[in-house]
Amino acid sequence: RAVAMSVSHSSRLNKLVREQYMRLPQDGLVQVTYVWIDGSGEGVRCKSRTLDKEPKSIEDVPEWNFDGSSTAQAEGSNSDMFLVPVRMFRDPFCLDPNKLVLCEVLKYNRKPAETNLRHTCKKVMDLVKDSHPWFGMEQEYTLLGINGHPYGWPDNGFPGPQGPYYCGVGADKVYGRDIVESHYKACLYAGVRICGTNAEVMPSQWEFQVGPCEGIEMGDHLWMARFILHRVCEDFGVVATLDPKPMTGNWNGAGCHTNYSTEEMRREGGLKHIEAAIEKLSKRHDYHICVYDPRGGRDNSRRLTGHHETSNIFEFSAGVANRGASIRIPRQVGQDGYGYFEDRRPAANCDPYAVTEAIMRTTVLNETGVETKDYADH
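Residues numbered from 1 in each chain as written. Predicted model: local features only at pLDDT ≥ 70, side-chain atom pairs only at ≥ 80, totals over all residues. Heavy atoms only, no water.

Draft legend 1. Representation of the overall build of the chain. A tally of helices and strands in the chain yields ten helices and 13 strands. Relative to its length of 378 residues, the chain is compact, with a C-alpha radius of gyration of 21 Å against a globular reference of 21 Å. The principal-axis extent of the C-alpha atoms belonging to the chain is close to 60 × 60 × 40 Å. Taking all 378 residues of the chain together, the buried fraction comes to 50%. Considering only contacts within the chain whose residues lie at least 6 apart along the sequence, 66% involve residues at least 24 apart. Of the accessible surface of the chain, which amounts to about 17900 Å², a share of 50% is contributed by carbon and sulfur atoms. Positive and negative side-chain charges in the chain, numbering 44 and 51 respectively, have mean positions lying 1 Å apart. (Helix = DSSP H or I, 4+ residues; strand = E, 2+ residues; numbered from the N terminus. Rg over C-alpha atoms; globule rule 2.2 N^0.38 Å. Buried < 20%, exposed > 50% of the residue type's maximum accessible area, 1.4 Å probe, protein only. Contact = heavy atoms within 4.5 Å. Areas by Shrake-Rupley, 256 points an atom, 1.4 Å probe, with all protein chains shown as cover. Lys, Arg positive; Asp, Glu negative; His and termini not counted. Charge placed at Lys NZ, Arg CZ, Asp CG, Glu CD.)

Printed below as a string of structure tokens:
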């Protein structure tokens, strides 16, 4: 007997009818979709407007505003928030010449909103630009039915134990590949620096990788990749969750492993600079745990248990090719003597601006302790 999959009603609409309208000419007008991070620090919102001509650069896209009282970002009595465009992408849903535009959110007084973590990240990245920091982030996520149950799992039970699902092939091992491949193509079209994807250890869990990106670009590209993922899932009628531990029990959690290097780490003899950076990170473990998920470490406490390829949240560790450590030095890097390292602590729902900023504060700006320095006046 066929099992009815839990997908949204709108996904069952006739998409061929939509295509009829999408092929209509626009007579030189351009649809621009503004994308921003809402008051949760995890969700993305969007709305669209018409421009008279195609913007050639981000400077051609005007500022806009939205009702912050409806996104947990303002009071109803003073609700207008500013959308400041910061990076532009091609629109894989409405196609050229239409655009997706990532925005920073400013409050009525033009100070950054509480969840606008890009603002300070950009200041830090400008300070350390001579070190040419490269990042690559591995975004794990889980596909859910509209009922909140992992997509493809039995309605009243569990799939077989973990083992055959990681990088698996076959209808009994992977669920939702159509979504994954659609997301990949959409990111390539948009200009997002997506560099790979694979099925993960838990069934219906996947990962995509973005990078290498330098400085502030890392957060910009990962946030847009997340937006595109949610939009693709909307078309298919399922939900992508970035919860770090969506299923309790003997199932892997979801992280956002962050690969990092500076120019001196990438040169001959760079391993000593990698080891020096790891030493600095080891002395600031509590600070990093606090910024590696949106709830000050509470989300990661469900994931970083020392099991399921994670380190223990209370202990810092590092090792070559060790996926149970806080920091992993890839085996090839250990052999070559230069390259990069991987911070395995960030949760899947981390803010990439917060993660990359924290790494730079500790390893390049040599901050210590749990307090951060304000560089606004420098």
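Draft legend 2. How the structure looks around the domain arrangement of the chain. Structurally, the chain comprises domain 1 (9-115) and domain 2 (125-364). Contacts between domain 1 and domain 2 engage 20 residues on the former and 25 residues on the latter. A buried area of about 2000 Å², summed over both sides, lies between domain 1 and domain 2, and 67% of it is on carbon and sulfur atoms. When the area that domain 1 buries against domain 2 is broken down by residue, the three leading residues are Glu42, Phe89 and Phe93, summing to 31%. Scanning the region where domain 1 abuts domain 2 turns up two salt bridges. Notably, a salt bridge pairs Asp220 with Arg87, separated by 2.6 Å at the nearest N-O pair. (Domains from an automatic or database assignment. Buried area = accessible area lost by both parts, 1.4 Å probe. Salt bridge = Lys/Arg side-chain N within 4 Å of Asp/Glu carboxyl O.)

Draft legend 3. Here's a closer look at the sheet that holds strand S5 (residues 99-106). Strands sit in the order S2-S1-S5-S4-S3 across an open sheet of five strands; the sheet is mixed. Every other strand in the sheet has two partners, leaving strand S2 (44-51) and strand S3 (64-67) as the edge strands with one partner each. Sheet twist, expressed as the mean angle between neighbouring strand axes with direction ignored, is 40 degrees. As judged from the four bridges shared by S3 and strand S4 (residues 80-90), these two strands associate in the antiparallel manner. Considered in S4, the bridge of Asn65 is made with Phe82. (Pairing = 2+ DSSP bridges. Axes fitted to C-alpha atoms, helices over the stretch in contact; angles between N-to-C directions.)

Draft legend 4. Structural view of the packing of helix H2 (residues 118-127) against helix H10 (residues 352-363). Interhelical geometry of H2 versus H10 gives an angle of 35 degrees and a closest axis separation of 9 Å. The handedness of the crossing between H2 and H10 is left-handed. Here Arg118, Thr120, Cys121, Val124 and Met125 of H2 come into contact with H10, specifically with Tyr353, Thr356, Glu357, Met360 and Arg361. (Left-handed = near helix turned anticlockwise from the far one by under 90°.)

Draft legend 5. How the structure looks around H2. Inspection of H2 places Arg118, Cys121, Val124 and Met125 among the buried residues, and these make up the whole buried set. Axial view of H2: buried residues confined to an arc of 125 degrees, hence all on one face. For H2, the secondary structure elements touched by its buried residues are S4, S5, strand S6 (134-144), helix H4 (217-236) and H10. (Arc of directions from axis to C-beta.)

Draft legend 6. Local environment of the UniProt feature "domain: GS beta-grasp" (unreviewed entry) in the chain. The sites that carry the UniProt feature "domain: GS beta-grasp" (unreviewed entry) are, in the present numbering, residues 30-110. Across residues 30-110, helical content stands at 0% and strand content at 48%; the span's end C-alpha atoms are separated by 28 Å. (UniProt positions renumbered as here; feature names shortened; annotations may be inferred.)

Draft legend 7. Spatial organisation of unusual backbone geometry. Following Asp96, the chain continues to Pro97 via a peptide bond in cis, the omega torsion being 5 degrees. With respect to the element layout, Pro97 can be found in the loop between S4 and S5. Here the phi dihedral of Ala72 falls at roughly 60 degrees; this positive angle occurs in a residue that is not glycine. Following the sequence through the fold, Ala72 ends up in the loop between S3 and S4. Look at Glu309: it is not a glycine, yet its phi comes out positive at around 60 degrees. Residue placement: Glu309 occurs in the loop between helix H8 (298-303) and strand S11 (318-320). A residue is classified by how much of its surface remains accessible, and Glu309, at 41% relative accessible area, is partly exposed.

Draft legend 8. Structural view of the packing of helix H3 (residues 177-190) against H4. Taken N-terminus to C-terminus, the directions of H3 and H4 make an angle of 135 degrees; their axes are 9 Å apart at the nearest point. Comparing their axes, H4 and H3 come out oblique. Crossing hand, H3 versus H4: right-handed. Contacts between H3 and H4 involve Asp178, Ile179, Ser182, His183, Ala186, Cys187 and Ala190 from the first element and Ala225, Ile228, Leu229, Val232, Cys233 and Phe236 from the second. Residues that form the contact of H3 with H4 fall into these classes: ten nonpolar, two polar and one charged. (Parallel < 35°, antiparallel > 145°, perpendicular 65-115°, else oblique. Nonpolar A, V, L, I, M, F, W, Y, C, P; charged D, E, K, R; others polar.)

Draft legend 9. Highlighting H3. The end-to-end C-alpha distance of H3 is 20 Å, a good match for the 20 Å that 14 residues give at a rise of 1.5 Å each. For H3, the secondary structure elements touched by its buried residues are S4, S6, strand S7 (194-199), strand S8 (205-214) and H4. With its phi angle positive at about 100 degrees, Gly191 sits one or two positions after the end of H3. (Expected span 1.5 Å × (residues − 1).)

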